[in-house]
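Examination of the molecular architecture
Spelled out, the chains give:
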Amino acid sequence: MQKVKIPRTVDPAKSAQKRLDYQGIIQVSLMKRLAELTEGVKRNAEVSLSFELDEQRLVVISGKANVEVDLECQRCNEIFAHLCEVEFTCTPVYSEKSEQDAPEEYDLVDLNEYGELDLIKLVEDEFILELPQIAMHDESECSVKSNNMVFGDLPKEVLEEKPNPFDVLKNLKR
Ligand SMILES: [Zn+2]
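If you look the chain up in an unreviewed UniProt entry, it shows as Large ribosomal RNA subunit accumulation protein YceD from Vibrio algivorus. Reading the Function (unreviewed entry) entry of the UniProt record for the chain gives the comment "Plays a role in synthesis, processing and/or stability of 23S rRNA."

If you want it as structure tokens, here you go:
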């Protein structure tokens, strides 16, 4: 099946009334922010989005998407491939009131100046939120083993081996 591009923007209320589903791709070239925050976006994103109205007649967008990016391991500085997979449920913000009424399980998304939802931005934002704060290989794949680590939290053993100052005092008193 040929992959279609998902539309850049949609009217979320109309899409929800028609219970539309969008399935397709976002081209690499459209994910510039993600490309800047990583070492590169390796392929098109695969995206599926469903629009519907919930019991409260709120527009709800359920989505799933995945893409592969390159990240730099903060332990060994090598580049590695990271599969970014996201799943989200969101509702557009029409007014301050709709923002307050929205159930907590929905992420809130803003509409553009034409009252449309920017689907590329929505999915790209979700990918960016999913990126690890500190990119690192799995330990088994990393060329630097954790006992050589020189930054971040000290491994527990090191902390425990440090003499307790009270023990030192005890020894002095003896
Ligand atoms: Zn590494």
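Turning our attention to the layout of surface pockets. Of the pockets and cavities examined, the largest pocket occupies roughly 220 Å³. Lining of the largest pocket is provided by 14 residues; of these, Val109, Asp110, Lys121, Leu122 and Asp125 occupy positions nearest its centre. Those elements that place two or more of their residues in the lining of the largest pocket are strand E7 (107–109), strand E8 (117–118) and helix H4 (119–130). The biggest single contributor to the lining of the largest pocket is H4, with five residues. Looking at the lining of the largest pocket residue by residue, the classes come out as six nonpolar, one polar and seven charged.

What follows concerns unusual backbone geometry. Its identity is not glycine, yet Arg19 carries a phi of approximately 50°, on the positive side. Summarising the element assignment, Arg19 is placed in the loop between helix H1 (12–17) and strand E2 (21–26). If you check the backbone angles, Arg57 has positive phi at about 65° while not being a glycine. Overall, the relative accessible area of 60% leaves Arg57 in the exposed class.

Rules used in this analysis
Residues numbered from 1 in each chain as written. Predicted model: local features only at pLDDT ≥ 70, side-chain atom pairs only at ≥ 80, totals over all residues. Heavy atoms only, no water. UniProt positions renumbered as here; feature names shortened; annotations may be inferred. 1 Å grid on protein atoms, 1.4 Å probe; cavity = no way out; pocket = protein on both sides within 12 Å on 5 of 7 lines; lining within 4 Å. Points joined across faces, edges and corners; volume = space filled by probe spheres on them. Helix = DSSP H or I, 4+ residues; strand = E, 2+ residues; numbered from the N terminus. Nonpolar A, V, L, I, M, F, W, Y, C, P; charged D, E, K, R; others polar. Buried < 20%, exposed > 50% of the residue type's maximum accessible area, 1.4 Å probe, protein only.

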